[in-house]
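# A closer look at the structure
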Amino acid sequence: MQSTSRRAFLTGRRSAQSPWEAFGQRLRNTVAGTFYEFEAHEGVGRARLVPKQASDVHKARALCAEYGVLLALDGIPHAARLNDHPVLWVEPGRDLSLCQRLEPGSTKWFVQPGCLLGELEAAGFSQFAELPCHITVAAWLADRTLCDWPVGETAASGLSHASVLLADGTLASLGPFGEHNKKPLEGARLQQLVAALFQAAAGADAQACRAGALWPARYRLDALLPAAGQTVNLAHVLLGHGGDLGWVEWLVLDEQMAQPQTEPPFARRYTSARAGEAGLAAPAGDLDMRVKSLFDPDERFPYPGQEL
């Protein structure tokens, strides 16, 4: 008796592709970057994309949504493995590592996600002097421990603007927001997102979290509740986002505003236990779930606490 594969060979018919195989083939054919496929873990597909250009990530996001594949930022501490869900790790490599002043004499720099902290330190950002030089800007921005400024003082990060690719394909430009910022929010999706974030920041959960010196929740919604003398900056919500809220395409960092954390980051290391220790586990958890659902309602990016 001939096997199925031998009959298919003799008759010229191919066996049907699995959804993961179809995903990988289409991604290889559509991106300019490098695609690596790993050995499946208990039948679950895993792969890595090193994009050559920003549009590679846009194409990957669309295919991930079509085939039910998580899109995860590579190079962050908790990113290790995925147990029960197909995942595409995206590694911001050297093709997306531009770092340059916006204009001569400006204190603001345009920075792509693959730029290294050591390169920023060499450019004059002393806040990164005590951090590992090999970490990418994308990994720094996603790391909640390294983005642990006191409540309402997120301006010390030096982050001025950010462009983030959301799960539905919207490219959102986030930055200063208020009476002195005249640039309108572009598109209904961003307008709805920002309105809902301000509504969450005004609620009881956020106000309870705001009472302490250190922000107990994972996502920095206190960016909308700045300290006296500081202004709201929507980009600061992304500080320590864990790769859960979107793909950050570029940043603008201001060397004049950037300051190191007042304590070494590992001396007060952020953990999910902080909220519990402060008696704020319930409001912090509810707030995190709300922010996650606003950015990524269909969970196209990893969910907080998901084992990867």
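Residues numbered from 1 in each chain as written. Predicted model: local features only at pLDDT ≥ 70, side-chain atom pairs only at ≥ 80, totals over all residues. Heavy atoms only, no water.

### Structural notes on the overall build of the chain
Looking only at helices and strands, the chain has nine helices and nine strands in total. Counting the 308 residues in the chain, one finds 47% classified as buried. A fraction of 63% describes how many contacts in the chain between residues 6 or more apart in sequence connect residues 24 or more apart. About 14,600 Å² of surface is accessible on the chain, with carbon and sulfur atoms providing 51% of the total. (Helix = DSSP H or I, 4+ residues; strand = E, 2+ residues; numbered from the N terminus. Buried < 20%, exposed > 50% of the residue type's maximum accessible area, 1.4 Å probe, protein only. Contact = heavy atoms within 4.5 Å. Areas by Shrake-Rupley, 256 points an atom, 1.4 Å probe, with all protein chains shown as cover.)

### Thoughts on the sheet that holds strand β4 (residues 87–90)
Taken in spatial order, the four strands make up an open sheet running β1-β2-β4-β3, and their pairing is mixed. If you trace the sheet from one side to the other, it starts and ends with β1 (34–37) and β3 (70–73), each paired once. Ignoring which end each strand starts from, the neighbouring axes of this sheet average 25 degrees apart. Contacts from helix α2 (residues 19–30) reach β1, β2 (46–50) and β4 within the one sheet, and its direction differs from that of β1 by about 160 degrees. (Pairing = 2+ DSSP bridges. Axes fitted to C-alpha atoms, helices over the stretch in contact; angles between N-to-C directions.)

### Notes on the packing of helix α6 (residues 188–201) against helix α9 (residues 281–295)
α9 packs onto α6 with a crossing angle of 170 degrees between their chain directions and a minimal axis gap of 10 Å. Taken together, the axis directions place α6 and α9 in an arrangement best described as roughly antiparallel. Only Leu-287, Arg-290, Val-291, Leu-294 and Phe-295 of α9 make contact with α6, whose side of the interface consists of Arg-189, Leu-193, Ala-196, Leu-197, Gln-199 and Ala-200. In terms of residue class, the contact of α6 with α9 is built from eight nonpolar, one polar and two charged. (Parallel < 35°, antiparallel > 145°, perpendicular 65-115°, else oblique. Nonpolar A, V, L, I, M, F, W, Y, C, P; charged D, E, K, R; others polar.)

### A look at the pattern of salt bridges
Scanning the model with the defined rule gives eleven salt bridges in all. The partner of Asp-74 in a salt bridge is Arg-48, and the shortest N-O contact between them spans 2.5 Å. Taken together, the residues span a long stretch of sequence, with Asp-74 in the loop between β3 and β4 and Arg-48 in strand β2 at a distance of 26 residues. Here Arg-48 falls in the partly exposed class, since its relative accessible area comes to 21%. Among the ionic pairs, Asp-296 bridges to Lys-292, the shortest N-O distance being 2.7 Å. Salt bridges here are not isolated pairs; linked through shared partners, they connect Arg-48, Asp-74 and Glu-91. (Salt bridge = Lys/Arg side-chain N within 4 Å of Asp/Glu carboxyl O.)

### Here's the deal with the sheet that holds strand β9 (residues 247–254)
As summarised here, the arrangement of the five strands in space is β5-β6-β9-β7-β8, forming an open sheet in which the pairing is antiparallel. Strands at the two margins of the open sheet, each flanked by one partner only, are β5 (99–101) and β8 (171–174). Across the sheet, the mean angle separating the axes of adjacent strands is 15 degrees when strand polarity is ignored. As paired elements, strand β6 (residues 108–111) and β9 share four bridges and run antiparallel to each other. Counted as the bridge partner of Lys-108 is Asp-254 from β9.

### Notes on the pairing of β8
Only one face of β8 is covered, namely the face carrying Ala-172 and Leu-174; the face carrying Leu-171 and Ser-173 is uncovered. Pairing of strand β7 (residues 159–165) with β8 involves four bridges; the strand directions are antiparallel. Paired with Leu-165 across the two strands is Leu-171, which belongs to β8. Taken together, β7 and the strand that follows it, β8, pair antiparallel across an intervening segment of five residues, in which Gly-169 is found at a positive phi of about 95 degrees.

### Here we look at the environment of Val-252
Note that Val-252 resides in strand β9. Val-252 gets classed as buried once you look at its relative accessible area, which sits at 7%. The spatial distance from the C-alpha of Val-252 to the C-alpha of Cys-99 is 9.5 Å, given a sequence separation of 153 residues. With near-sequence residues (within four places) excluded, Val-252 lies in contact with Leu-102, Lys-108, Trp-109, Gly-158, Leu-159, Ser-160 and His-161.

### Describing the packing of α2 against helix α3 (residues 54–67)
As a packed pair, α2 and α3 sit with axes 10 Å apart at the nearest point and diverge in direction by 165 degrees. Taken together, α2 and α3 sit at an angle that is classed as roughly antiparallel. The handedness of the crossing between α2 and α3 is right-handed. Together, Pro-19, Ala-22, Phe-23, Arg-26, Leu-27 and Thr-30 of α2 and Lys-59, Ala-60, Leu-63, Cys-64, Glu-66 and Tyr-67 of α3 make up the contact between the two elements. Residues belonging to the contact of α2 with α3 are distributed by class as follows: eight nonpolar, one polar and three charged. (Left-handed = near helix turned anticlockwise from the far one by under 90°.)

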